[in-house]
Each structure stands twice: as C-alpha cells, then as structure tokens.
Amino acid sequence: MKNKKALIFGVTGQDGAYLSKFLLKKKYIVYGVKRRSSIMNTQRVDDIYKDINYKSNFVLLYGDLTDASSILNLIKKVNPNEIYNLAAQSHVKVSFEVPEYSADVNGLGTLRILEAIRSLNLEKKVKFYQAGTSEMFGSTKKKFQNEKTNFHPVSPYGVSKCFAHWITKNYRDAYGMYACNGILFNHESPIRGETFVTKKIIQGLVRIKQGSQKKLFLGNLYSKRDWGHARDYVEAMWKMLQQKRPDDYVIGTGKTFTIKDFVNRAAKKMNFNIRWTGVGIKEKAVNIDNKKIIIECKNRYFRPLEVDYLKGDASKAKKILKWVPKISIDDLIDEMIQHELEN
Ligand code: NAP
Ligand code: F7E
C-alpha cells in the first residue's frame, strides 16, 4: 500500500512538531509548510532530520497563509490525502496588538486553503483539519463547554478562529468536503512557545532556582484553564480525519486550574517554599527560605478582555473517536521541568 501524504501548515509550531512525529510513526510522508524568516525557525523539527527512520519521509516547503498562490501551488504539488491547518498568529494577547494580521492569517488563511482545495477539484479527495480553540467560547458562563456551547469570543484571536470554524463548516456543508473543526482546549509541552504562561512559569522558576533570573512577572493569576498535553491532542486531530463522516469535536481534560494553582504546583515540585501576599496588581510571591520576592504582577501582562473560565467536556470525542487524555497536569509539569533543567 502507498504511504499516505499529509500537508501540515504550521509545522514549525508546537503542535506541528508533535503531529509530524505522530504521522511519521504511522508511515505517512509529511510535507511541512514553513514561512520564510530571517533566522532558521525549525528547532522543533530539527530532530526529525537527525532520525534515520524518518528523515526521508519529511519534507519542508516554503509557504505563507497570507499568500493564496503559495497555498494553491503547494496543494497542487503535494496532492495530499490530509491537510492539517495548524498555522496561526496564536497568541491571544498579541492579537490585540496585531488584530488585522491575526484575522488575515487565522481567518482568511483558513478560507484560502479551503478555496485552493475547491479550485483544484480536490474537495472529494482531500481531508481537512482546522485548528479551532476553546478561546471561541470566550465569556461563556457554562460550567463545561462542549460542541453545543455558544461561542462568545472576547479577543481578535477568538473572533478570527470563529470565522475559520464557520467557514470550514460552510465548505463541508456546501461542497461535501471532508472538513473537521477540532475545538481544542489549552495544550502545552516542553516545546510550548516561551510567552505562553505555562512555559513562562516553568522557565522562570527553573532560572530563579539556578540563580540566572531574579523575578518572574505575570498578569492575571485567577483565570482558569483546562490544560492538557500536546502529544495527546495531536492524536485527536488525526482521529478526526479517520472517521466515516467529518464532524467537529471538543478536546480537553475536563479539569480546570487557576494560573496561581499552576505556579503553586510547579513551585512545590521545585522545592520552593513560597507565600503569597498582597492583592490585585500588588500580589506577589515570596520565597520564605531567603525572604526574596520571586513573583510579581505587571499590568503589561493583563489583557483588555479576559477569558475567565474554561473547562472542556470531551465526551463526544471519547464516544466517537475513542479519545481520552492520557497525560495528567502533574506529569505535564514534571516533563516541562525536566526539559528545562536539561536545556
Ligand atoms: P504555535 O506554536 O504558535 O505555532 C503556530 C504555527 O503557525 C508556527 O509554525 C508558525 O510559524 C505558523 N504561522 C504563523 N503565521 C503563519 C503564516 N502567516 N503562514 C504560515 N505559517 C504561519 O501554535 P500551536 O500551539 O502549535 O497551535 C497550533 C494551532 O492550534 C494554532 O492554529 C493555534 O491557534 C491552535 N490552538 C492551539 C492551542 C494550544 O493550546 N496550543 C489550543 C487551541 C488551538 P513560525 O514558527 O514561523 O512562527
Ligand atoms: O494564557 C494568563 C492569561 O497565553 C493563559 C493559546 O495557545 O490557549 C492559548 O491561549 C492565561 C490567560 O494562553 C500571564 O491572562 C497570566 O488567562 O498561556 P496563555 P491562552 O491565552 O489561554 C488557547 C486555547 C489558544 O487557542 C491559544 O492559541 O494565563 N496569564 N500571566 C498570562 N498569560 C501569558 N501569556 N503571560 C503571562 O505573563
């Protein structure tokens, strides 16, 4: 049997790297799309090239979601069985600073891929995965969020992803495309981007422990997030494309923690003895052992609007995809700390 071909937009990102490795293990030929940058930005996938088992089935190609012709040419050239759209300006806070660009890449970029599939008459041949997000639920008041929960996005990022969600559904309904929306809650890993809160906390605490950083500055300590591991979540993406019919699925752990809970768990694992004092922007954490302040809050890390509470109900994925998260928050934190210490 011929190897299946997957085309991944966003291959240089956290999920792109995990998904590439997952698909290569399943004997796919993986074509990853990276955008041009002034320095090499392939660190997350460099190990694939060093792996004798996988390097010949892994190809990197240039492209950009803001450039429709590059997308069309790539799909024509690769003629993939499956396309995963993981490319995005994925930082919520940054989306308030570059709203138009975020909408262009995340919203119109998705439309550009769908339209390229249609123009090439591949709508009945290629399967498409869209990287949707729990940020689309935004200011929801529901205790658990699932596929039936209304979207109330509260950031340019969330709004742009709602467009991508609905246009994917529209192309599925209008043209009979096999197109799925994954609605994924936060998922982290040792290779998470450094400006996302989990990585920032782990990296900061390890550096403070080692003496190379004095303080960690954070924003809102009281928002709640449902955190899983990226390795588990890319498997769910693949499973969505292996069903009889295309559909949309929520992927989450069903557990939620505040940012402060995450700090406390990580600090305990690193043998920090901390005490919180103050309120609001004046809240801080003191290292009891040496009386030094190690965490403070800064206005610049707060957002104009916040998603206060997220907790995913992935029972549909459990029933249909037979998907359940395997890695707990404690195992995730342990792996992130270990990676940070080794690097
Ligand atoms: P990430 O680490 O930020 O990776 C984003 C990827 O998109 C990178 O490869 C980036 O390239 C690429 N990209 C950005 N702009 C592009 C453009 N104009 N053209 C082509 N590629 C572009 O994000 P992630 O955490 O892996 O997330 C993957 C996807 O899932 C994203 O769409 C994100 O919005 C969504 N999502 C993430 C989570 C989560 O918790 N991680 C949850 C739900 C949904 P560079 O390396 O060059 O920057
Ligand atoms: O923030 C709070 C912040 O930036 C989490 C993306 O992958 O997941 C991610 O979006 C929470 C927020 O992730 C800092 O206010 C406090 O409440 O790690 P984050 P996010 O905004 O939830 C969703 C599902 C996606 O789809 C996105 O692509 O932590 N917070 N202090 C902070 N956040 C950051 N970044 N930095 C801080 O200093």
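Structure shown above.
Residues numbered from 1 in each chain as written. Chains lettered and ligands numbered in written order. Predicted model: local features only at pLDDT ≥ 70, side-chain atom pairs only at ≥ 80, totals over all residues. Heavy atoms only, no water.

## With respect to the site of ligand 2
Item 1. As a structural note, the neighbourhood of ligand 2 is formed by 24 residues, with Ser90, Thr133, Ser223, Arg303 and Glu306 the closest of them.
Item 2. At a separation of 2.8 Å, an oxygen atom of ligand 2 approaches a polar side-chain atom of Arg225.
Item 3. Relative to its unbound accessible area of 690 Å², ligand 2 is 95% covered by the protein chains.
Item 4. Counting residues per element, the ones that place at least two in the shell around ligand 2 are α7 (197–210) and β8 (216–218). (Near = heavy atom within 4 Å. Polar contact = N/O pair within 3.5 Å; in protein donor to acceptor, adjacent residues only side chain to side chain. Areas by Shrake-Rupley, 256 points an atom, 1.4 Å probe, with all protein chains shown as cover. Helix = DSSP H or I, 4+ residues; strand = E, 2+ residues; numbered from the N terminus.)

## Digging into the side chain of Gln89
Item 1. Positionally, Gln89 belongs in the loop between β4 (82–85) and α4 (92–97).
Item 2. Looking at Gln89, its side chain comes within polar contact range of the side chain of Ser102, at 3.1 Å.
Item 3. Ignoring anything within four residues of it in the chain, the contact list for Gln89 reads Val94, Ser95, Val98, Tyr101, Ser102, Val105, Asn106 and Tyr157. (Contact = heavy atoms within 4.5 Å.)

## So, the sheet that holds strand β5 (residues 127–133)
Item 1. Taken in spatial order, the seven strands make up an open sheet running β3-β2-β1-β4-β5-β6-β11, and their pairing is parallel. Looking at the sheet topology across the chains shown, the edges are occupied by β3 (58–62) and β11 (249–251). The average undirected angle you get between the axes of adjacent strands in this sheet is 20°.
Item 2. Two strands pair when backbone bridges link them, and strand β2 (residues 29–34) and β3 are joined in this way by five bridges, in the parallel orientation. Across the sheet, Val30 pairs through a bridge with Phe58, a residue of β3. (Pairing = 2+ DSSP bridges. Axes fitted to C-alpha atoms, helices over the stretch in contact; angles between N-to-C directions.)

## Regarding helix α1 (residues 14–25)
Item 1. Taking 1.5 Å per residue, twelve residues should reach 16 Å; α1 reaches 17 Å between its end C-alpha atoms and fits that length.
Item 2. Along α1, ten of the twelve residues are buried, which leaves the element largely enclosed by surrounding structure.
Item 3. Along α1, the positions that sit buried rather than exposed are Gln14, Asp15, Gly16, Ala17, Tyr18, Leu19, Ser20, Phe22, Leu23 and Leu24.
Item 4. Where α1 terminates, the next one or two residues include Lys27, which has phi positive at roughly 70°. (Expected span 1.5 Å × (residues − 1). Buried < 20%, exposed > 50% of the residue type's maximum accessible area, 1.4 Å probe, protein only.)

## Here we look at the pattern of salt bridges
Item 1. Inspection of every chain in the model, using the stated rule, returns 19 salt bridges.
Item 2. Arg118 is the partner of Glu115 in a salt bridge, and the nearest nitrogen-oxygen pair spans 3.1 Å. Separated by three residues within a single helix, Glu115 and Arg118 lie in helix α5 (residues 99–119), roughly one turn from each other.
Item 3. Here the salt bridges share partners, and the residues they tie into one network are Arg265, Lys269, Asp330 and Asp334. (Salt bridge = Lys/Arg side-chain N within 4 Å of Asp/Glu carboxyl O.)

## Quick look at the packing of aromatic side chains
Item 1. Counted under the stated rule, the structure contains nine aromatic pairs.
Item 2. Here the aromatic rings of Phe151 and Trp166 are separated by 6.3 Å at their centres, their planes lie at 70°, and the arrangement is edge-to-face. Of the two residues, Phe151 sits in the loop between β5 and α6 (156–175) while Trp166 sits in helix α6, which places them 15 residues apart along the sequence.
Item 3. A network of ring pairs unites the aromatic residues Phe137, Phe151, Trp166 and Phe185 as a single cluster.
Item 4. Over the ring of Tyr175 we find Arg118; its NZ or CZ atom is 4.6 Å from the centre of that ring.
Item 5. The side chain of Lys209 reaches across the aromatic face of Phe272, ending 4.4 Å from its centre. (Phe/Tyr/Trp six-rings, centres within 6.5 Å; stacked < 30°, edge-to-face > 60°. Lys NZ or Arg CZ within 6 Å of the ring centre and 35° of its normal.)

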